[in-house]
Structures are given as C-alpha cells and as structure tokens.
Amino acid sequence: MRTLAVGGVMAAALSAGAAPIVVGQVAPLSGMEARQGRAYSIGIRLALNKANTAGGVNGNTFSLVSKDDGGRSDDTLAATRLLLSESRPLVLAGYFGDRSMADLAGSGLLGKEKIALVGYRVNEIREEAPLIYSVRATLRDEINKIVEHLATVGITRLGLFYPDGPGAAPLIAAMEDVAKKKNVKLLVKGSYKPDSAKVAGAVIDAFIAAAPQAIIIASSGSAAADFIEKYRMNGGAAQLFAHSGADIEHISQRLGEEHMKGMAIAQVTPNPYKISGLLSKEFIDTAAKTPDLGMPVSYAMMEGYIAGSVIVEAARRMGPKVSREGFVSALESIDNLDMGGYKLGFKPGMRSGSKFVELTIVTATGRIRQ
C-alpha cells in the first residue's frame, strides 16, 4: 500500500509559516482503474497547487496525501483508517468503486471522525449518505440524458450492461422507470462481476439474440472495453452509449478503430480538451503550465480539478479557524457556485452537487467529438 505526498505533479512551495490543510485520498493508483485514479489525483493537485501559488487561503496552504488501494475494495477502508491516523486530513477526496464507497459509508468512520469526503466515482445509483459529497451528476442523471436522446431520435429498443451486486437493483429500476416514461423498451440486460473486467460469453450471446438498437453501458472502463470488443467481434451492431465512468482513454488504447467508431459517451464535466468556458480555460491553462503532469489531460483529471477547486472554495468560506466541522458547514453553504460553465451546489440533505451531463461522440481514433 503506497502513500504519496504531494508528488506526481509539481507542487508549489508552501508559504513560510503557513499551516497546511491536508486533503486525503485513497484510490486505485495501480491496477485496472489506475489511469483514472491517477488522473483524478493529478486534477486535485492542480487545483490545490494553483491555490498555493496564489498564496493559499486564509493563511493556509494545501497538501494532498494519497494512498493506493490498487482498486481492491477490501483495502480501501483499512487504508483510510491509516491515512486518518497518520496524516490527520481535514477532508477526504477522490475515492473510487461501488463496494469501496458502500463499505466506507456503512462503516460509520466518517461520522466518528466528523470528516467529509468530496468527489468520488461509482458505477451505481446509490443513496446519499451523510458527509459524502459528489461534484458530478449522478448515474441516474446520465441514464435520463441518454434515454431521452435515444427516444428523441426514434430508437426505442434498448439493452443495459452493468456490474452485478447490491447496486444492480436500483440501476435497473431507474432504467425501467425512464424507459417507461419515454415509451421505449428495455429488451435485454447483462452483467459482470464488479471486481472483474471479464464478460461471460453467455452475456454477449444474450445481447446478440435480442438485437437492441442501442446498448447503455454502465460499467468500468476495463469491463466496457471487454464487452465492446466481444460484442462487435460477434457481429453486434447496436449503437453503444457508455456512462462517464467508462474511461474513453483506456477504451481507445485497447480497441481498434472498427470497434470505436460511432460510440457515444456521457460526460459529466466540460470538455478538458477545448476551451468552452472559464472553468475549462482555467483547467487547460493550469495543466499547460505544469511541466510534469505525468499523463495527458482527461475527463477524470478535469473532475479531480473540480473536486479540488470545491475544497479550496469551502476552505475559503470556512475562514482562518480550521476544523472538520467548520469545513462541513462551509461546504453546505455552497448552494449555487458558478465555476464558469459548470454550476454546483450543496445544502443539508442534498449532497449531489451537479446536474451537468452532455453526450459526446467518439471518433474512430478514440478522440472526443462534441
């Protein structure tokens, strides 16, 4: 289990005498989802380093301490306990995984420590939990956007590919609910084991036999790549719509052009590759000024940057007296933050901060086209 302090991108020097605010992260910095985990971590660091370069906030600077759980949900909670003991972070951020988040929420650890978690990625529809704040639209929002688009263009026979487990039932219920509202049919469903990236042949056969016009892929990037490759190789011709957690950079590295062409993917942040507003300009400029990013910019990095920026904003609102309770109060005062092309807000009882979803088309070379 590795601990990374500040490294990975160039960290601005802390101001002399300033008290650092520690942000703690446990994420897959190695393993199948390492590309997204590392990109998210770099995005957080970019936002924190930008604040440090400007002199910090209320006399405080920021430091990110990250631990690697390798994408193993069994290690996430243990790593979090160790992180809390060793580094005493003010806030947690940048967690990944359905089971990891479920175990953390169910452990009571956040409540005991009175610490918030800002920014996480899951492949399920989950109930909101105290002290856990999302900076992105929910999977339900993404599914609604995809199905609404399909219904508008006359595509009415759909399939759903998803991870099995406790989150499957609410995901299927949400899919069936929006399908009914939009007068479309969910013809076929298929799943995979959430700790695996392999898709069984019987699942592919079921999709081929049902012949849906479009398939919604609500899975990790590794499982999505395996599904798409096997489905296309077996003659599957449906349009493919992936949710934002299916890392397009990872998928494009594995799949050939014939498999990628025409695929669509929902995105829950502005495009990190082009300037479309103040937030994207700020992110692109900050990344460009950082000489040792270690990897290309991506949607996951942009999301991490948003999470880091929200943490900086909450710290600003908290004032010079630093406490975990004060940070939570400051976080819930962010009710309508316009970041420049991306609006976000929380309030007591509402911890999903954004509704931003847009659909993008993937070119044959694996690039995003709006």
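Reading guide: rules and limits
- Residues numbered from 1 in each chain as written.
- Predicted model: local features only at pLDDT ≥ 70, side-chain atom pairs only at ≥ 80, totals over all residues.
- Heavy atoms only, no water.
- Helix = DSSP H or I, 4+ residues; strand = E, 2+ residues; numbered from the N terminus.
- Rg over C-alpha atoms; globule rule 2.2 N^0.38 Å.
- Buried < 20%, exposed > 50% of the residue type's maximum accessible area, 1.4 Å probe, protein only.
- Areas by Shrake-Rupley, 256 points an atom, 1.4 Å probe, with all protein chains shown as cover.
- Lys, Arg positive; Asp, Glu negative; His and termini not counted.
- Charge placed at Lys NZ, Arg CZ, Asp CG, Glu CD.
- Domains from an automatic or database assignment.
- Contact = heavy atoms within 4.5 Å.
- Buried area = accessible area lost by both parts, 1.4 Å probe.
- Salt bridge = Lys/Arg side-chain N within 4 Å of Asp/Glu carboxyl O.
- Polar contact = N/O pair within 3.5 Å; in protein donor to acceptor, adjacent residues only side chain to side chain.
- Nonpolar A, V, L, I, M, F, W, Y, C, P; charged D, E, K, R; others polar.
- pLDDT = per-residue confidence, 0-100.

Chemist: Explain the overall build of the chain residue by residue, including any values.
Modeler: If you tally the helices and strands in the chain, you get 13 helices and 15 strands. Relative to the 2.2 N^0.38 estimate, which gives 21 Å for 370 residues, the radius of gyration of the chain is 20 Å and therefore close to what a compact globule would have. Relative to its full complement of 370 residues, the chain shows a buried share of 56%. As displayed, the chain offers around 14800 Å² of accessible surface, 52% of which is attributable to carbon and sulfur atoms. Put simply, the chain has 42 plus and 36 minus side-chain charges, and the middle of one group is 2 Å from the middle of the other.

Chemist: So what's going on with the domain arrangement of the chain? Residues and values would help.
Modeler: Accessible area lost when the parts come together is the quantity often used to give the size of an interface. The domain boundaries assigned to the chain delineate domain 1 (21–137 + 274–344) and domain 2 (139–267). In this complex, domain 1 contributes 17 residues to the contact, which on the side of domain 2 involves 26 residues. Considering only the side of domain 1, the residues that lose the most area to domain 2 are R35, N123 and I125, jointly responsible for 39% of the buried surface there. At the boundary of domain 1 and domain 2, one finds one salt bridge. With its nearest N and O atoms 3.9 Å apart, the salt bridge here joins R136 to E142. Taken together, the connections running from domain 1 to domain 2 amount to four residue pairs in polar contact (both at pLDDT 80 or more). Counting only elements with at least two residues in the side of domain 1 that touches domain 2, the list comes to α1 (34–53) and α3 (98–107). Residues that form the side of domain 1 that touches domain 2 fall into these classes: six nonpolar, four polar and seven charged.

Chemist: Quick one: what's the story with the side chain of D141, residue by residue and with numbers?
Modeler: Along the chain, the position of D141 falls in helix α5 (residues 139–152). With residues near it in sequence (within four places) discarded, D141 still touches S354, K355 and V357.

Chemist: Any details on the confidence of the model for the chain? Residues and values, ideally.
Modeler: Do not read the predicted coordinates in detail wherever pLDDT is low. Here the chain shows a mean pLDDT of 90. Residues at 70 or above account for 91%. In the predicted structure, residues 5–17 sits below a pLDDT of 50 and forms 30 contacts with residues beyond four places in sequence or in another chain.

Chemist: Now, about the environment of K180: what can you tell me, with residues and values included?
Modeler: Relative to the helices and strands, K180 is located in helix α6 (residues 168–181). The spatial distance from the C-alpha of K180 to the C-alpha of L90 is 44 Å, given a sequence separation of 90 residues.

Chemist: Requested: an account of unusual backbone geometry, with residues and values cited.
Modeler: Backbone geometry follows two general trends: most residues other than glycine have a negative phi, and most peptide bonds adopt the trans configuration. For N58, which is not glycine, the phi dihedral falls at a positive 55 degrees. Here N58 shows up in the loop between α1 and β3 (60–68). When its relative accessible area of 36% is taken as the criterion, N58 is described as partly exposed. For L131, which is not glycine, the phi dihedral falls at a positive 70 degrees.

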